[in-house]
Each structure stands twice: as structure tokens, then as C-alpha cells.
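Coordinate inspection notes
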Amino acid sequence: MKKNLKKLFATTLATAVILGLAGCGSSNSSEGEAKADEDGAGATIVKVGVVGEYNAQWDTINELLAGDNIQVELVKFSDYAAPNRALNDGEIDLNAFQHKAFLANDVETKGYDIVDIGDTIIAPLSIFNNKEKLASIEQIKDGDVIAIPSDLTNGGRALKLLEAAGIIECDPAKGYVPTKLDITKYNKEIEILEAESATLANILPDCAAAIINGGNALTAGLDPTKDSIFTENVDPSVNEAVPQLINVIVARTADKDNEVYQKVVAAYQTDDVKTTINDEYKGAFICSWDK
């Protein structure tokens, strides 16, 4: 019995060591070099941090990169706080989940040494209604709870969407990132509930409505074009904030000219990827590298 226990302990310890080493595989990516297989013969692996399950475009990108022997490996995160930290710390090579305003705020407030290297999409915000409580934007009434993202940039963007819908009015001096304190008038005496973006669909049953971006809506099984009652206008001639709402691929500043990473950007910004995005997401995402 003791021998069997010793053998089991040794096997378990060996497995733990192997798994621990595997988990450290990306630690050298802060040097600005994409990873290749240990024998040097395999594809160059580029670890890209994403949030959510709307990633069909990356399959197309990998097909396009196969000729260059480059392979994107997605690293999925559950919230918006982690991917920039992971990139800054060298745990991943790139990330692709955020718009320019979110990136600028994270760089300013957290001191990350990261920069965008290519435009991707716009994911318009939409107001999704709890169908048991209201059927249209006009039915929002005093006392209704509206959930919005809790981060500064998307929260401010959500308040501007409520303003565009005629529900509230904000101090114009605050631009596209007002806070709840900058609301100057409630046309409907709503209660605004702030929550992490990825959780908004989950709390929709407890609210009258929630403001959710296209990606998180898709992840939750919501159709942004059919299940929403009001959507952000992303025409730059109407909405001056649009240039800051374009999503981007982000690298460490030292790696912004990395040839492999630039090939990833070039593969993303192709008609093949545009077709995939248009076919898969039915208007939830708008390709923006031509804007």
C-alpha cells in the first residue's frame, strides 16, 4: 500500500511540474518575439487575447497566415480588465478586444506601455429590453432600472446613448465620456445600475433594459439587430465620438513594428475577413479599417 501511495504521489508531482512549466510558456514574449515550436520547424505562434466567443474571423485569419507559417492562438479572458495587463506583462503577444478610447484610458490610468497597431471593427452599443417589462424605447418610465457598463469609457458611451434616446441629458462639456454625476436632467426618472460589461446580459432579467455591446450580446445569445430597441449611431458625420470607438489590435510599444504582428494585422484587414464578419455577425460588428 505504501509503495502504491509513493508511486501515486510521484506521478502526481511529475504531472504538476509539467503543467506548471506549460503554463509559463509565454513568459519570454515580452522580448517582442512571437513564439515558435521548440524544434524551430513548427509555425510561429502568436498569442492573442480576446474577450467573448465571437471569434470566427480568427479562423479566416489563420487560413490566410498559413502560407507565412504563422498561427494565431487565442487566449480568452472573461472580463475587460485582464487583457491589457496580460499584454503589458508579456503573457500574450497581442490583444484584440477594445476600442481606442478604452485603450487610451487604460494607458493613462494604469501606465501600460502598449499601443494600437491596426483598426478592426466597431461594435455598436444597443439598448436591450427586458421583454417582460417593456417593448420599446418609448415605454421606459420613471423608476425603471437601466444597466450600463461600469468602466469609464463604455459607461460614458452608454450615457450618451441614453441621451440620444431622449431619456437623460448630460453636460456637453464632458464630451463622450460623462459619468452619472454629469447627468443634468432626467427626462425619465430612471435608476442607472453600473456593472462589468460581460455581466450585463446576465442581469437583464432584473432590469427594464441593459446597454450591451455587440460582442457581449452575441456571447449571451442576443441578436443586436433583432433583440434591441435602440442602437448607437456609428456614422462619424453624426456621432463625433466614432473615431475613438474603433476597435484595435494592440501590441507592446516595443513590438509595434514586429513583422509577424504586422502580418496578423494585414490578414485581419482583408476582404476575406470582412466577408466572414458580415456573414457571421449580421450587423453586430462593422468593419472599420477603411474608415
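Structural data are supplied above this passage.
Quantities reported herein were computed from a predicted structural model and do not represent experimental measurements. Counting restarts for each chain, with residues numbered from 1 along the sequence as it is written. The model is predicted, so local features are restricted to residues of pLDDT at least 70 and side-chain atom pairs to those at 80 or more, both for listing and for counting; the totals for chains, interfaces and linings are taken over all residues. Note that the side-chain values use all heavy atoms of the structure and ignore hydrogens as well as water.

Focus on the side chain of Gln-57
Helix and strand assignments come from DSSP, with helices taken as H or I runs of at least 4 residues and strands as E runs of at least 2, each series counted from the N terminus. With respect to the helices and strands, Gln-57 occurs in helix H2 (residues 56-65). Here a polar contact is recorded for every N or O atom pair within 3.5 Å, except that within protein the pair must consist of a potential hydrogen donor and a potential acceptor, and residues adjacent in sequence are included only if both atoms are side-chain atoms. Polar contacts involving the side chain of Gln-57 include one to the side chain of Tyr-268, which spans 3.4 Å. Residues in contact with Gln-57, not counting those within four places in the same chain, are Tyr-268, Val-273, Thr-276, Ile-277 and Tyr-281. Throughout, a contact is declared for two residues whenever any of their heavy atoms are within 4.5 Å.

Some thoughts on the sheet that holds strand E7 (residues 125-129)
Following DSSP output, two strands are said to pair if at least two bridges run between them. Across the sheet, which stays open at both edges, the 5 strands sit in the order E11-E8-E12-E7-E13 with mixed pairing between neighbours. Because the sheet does not close on itself, it has two edges, and the strands there are strand E11 (191-195) and strand E13 (228-231). Direction aside, neighbouring strands of the sheet carry axes that sit 25° apart on average. Bridge count between E7 and strand E12 (residues 209-213): 5 bridges; the pairing is antiparallel. Paired with Leu-125 across the strands is Asn-213, a residue of E12. Along the sheet face, helix H5 (residues 152-164) touches E7, strand E8 (145-149), E11, E12 and E13 and points at about 140° away from the line of E8. Whenever a helix is involved, its axis is fitted only over the stretch in contact; in every case the axis is a line through C-alpha atoms, and angles between N-to-C directions fall within 0 to 180 degrees.

Thoughts on the pattern of salt bridges
For salt bridges, the criterion is a side-chain nitrogen of Lys or Arg within 4 Å of an Asp or Glu carboxyl oxygen. In total, this model carries 14 salt bridges according to the counting rule given. The residue Asp-144 makes a salt bridge to Lys-141 at a minimum N-O spacing of 3.1 Å. Each of Asp-68, Glu-259 and Lys-263 takes part in salt bridges that share partners, so that together they form one network.

Describing the environment of Ile-183
Considering the arrangement of structural elements, one finds Ile-183 in strand E10 (residues 183-186). Along the chain, Ile-183 and Asp-171 lie 12 residues apart, while their C-alpha atoms are 6.3 Å from each other. Look past the residues within four positions of Ile-183 in its chain and what remains in contact with it is Leu-159, Ile-168, Glu-169, Cys-170 and Ile-192.

Details of the packing of helix H4 (residues 100-110) against H5
Contact geometry of H4 with H5 gives a least axis separation of 8 Å together with a crossing angle of 140°. Here H4 is positioned oblique relative to H5, judged by the angle of their axes. Residues Ala-101, Phe-102 and Asn-105 of H4 form the contact with H5, whose own contacting residues are Leu-152, Thr-153 and Asn-154. Along the lines of polarity and charge, the residues of the contact of H4 with H5 split into 3 nonpolar, 3 polar and no charged. To sort the angles, those under 35 degrees are grouped as roughly parallel, those over 145 as roughly antiparallel, those from 65 to 115 as roughly perpendicular, and the leftovers as oblique. In the scheme used here, Gly and all other residues not listed as nonpolar or charged are polar, with Ala, Val, Leu, Ile, Met, Phe, Trp, Tyr, Cys and Pro taken as nonpolar and Asp, Glu, Lys and Arg as charged.

Describing the packing of aromatic side chains
Working definition: a ring pair exists when centres of Phe, Tyr or Trp rings (six-membered ring for Trp) sit within 6.5 Å. Plane angles under 30 degrees give stacked, over 60 give edge-to-face, the rest tilted. Applying the stated rule across the entire model yields 7 aromatic pairs. Judged by centre distance (5.2 Å) and plane angle (55°), the rings of Tyr-54 and Phe-285 are tilted. Of this pair, Tyr-54 sits in the loop between strand E2 (44-51) and H2 while Phe-285 sits in the loop between helix H9 (271-281) and strand E15 (286-287); the two residues are 231 residues apart in sequence, bridging distant segments of the chain. Given a relative accessible area of 12%, Tyr-54 falls into the buried group. Using a relative accessible area of 3% as the deciding quantity, one classes Phe-285 as buried. With a 1.4 Å probe rolled over the protein chains alone, any residue whose accessible area is under 20% of its type maximum counts as buried; one over 50% counts as exposed, and the rest are partly exposed.

Considering a negative patch on the surface
On the surface, Asp-59, Glu-63, Asp-271, Asp-272, Asp-279 and Glu-280 cluster together into a negatively charged patch. Looking at the negative patch, the elements that each hand over two or more residues are H2 and H9. The dominant element in the negative patch, judged by the number of residues it contributes, is H9, at 4 residues. Following the sequence through the fold, Asp-272 ends up in helix H9. Accessibility expressed as a relative area gives 44% for Asp-272, which makes it partly exposed. Exposure above 30% relative accessible area and no salt bridge define the residues that can form patches, which grow by joining like charges within 9 Å and nonpolar side chains of Val, Leu, Ile, Met, Phe, Trp and Tyr within 5 Å. Note on areas: these come from Shrake-Rupley sampling with a 1.4 Å probe, and a residue is covered only by the protein chains present in the view. Working convention for charge: Lys and Arg count positive, Asp and Glu count negative, and His plus the chain ends are omitted. Charged side chains are reduced to one point each, which is NZ for Lys, CZ for Arg, CG for Asp and CD for Glu.

Digging into the pairing of E2
Of all the 8 residues making up E2, 7 are buried; the element is thus mostly covered by neighbouring parts of the structure. Looking at chain direction, E2 and strand E3 (residues 70-77) are connected through 8 bridges and run parallel. Following the sheet pairing, Val-51 is matched in E3 by Phe-77. Here the term right-handed applies to a crossover when the path leading from its first strand over the helix to its second strand runs clockwise, the strands being oriented away from the viewer. The handedness of the E2 to E3 crossover, carried by H2, is right-handed. In terms of strand pairing, E2 meets strand E4 (residues 94-99) through 2 bridges, oriented parallel. Looking across to E4, one finds that Gly-49 is bridged to Asn-95.

What about the environment of Asn-88?
Here Asn-88 is to be found in helix H3 (residues 82-88). Its relative accessible area of 26% is what places Asn-88 among the partly exposed residues. Along the sequence, Asn-88 and Tyr-112 sit 24 residues apart, while their C-alpha atoms lie 6.0 Å from each other. Each residue touching Asn-88, except ones within four places of it in the same chain, is listed here: Tyr-112, Asp-113, Ile-114 and Arg-252. Separated by 2.8 Å, the side chain of Asn-88 and the backbone nitrogen of Asp-113 make a polar contact.

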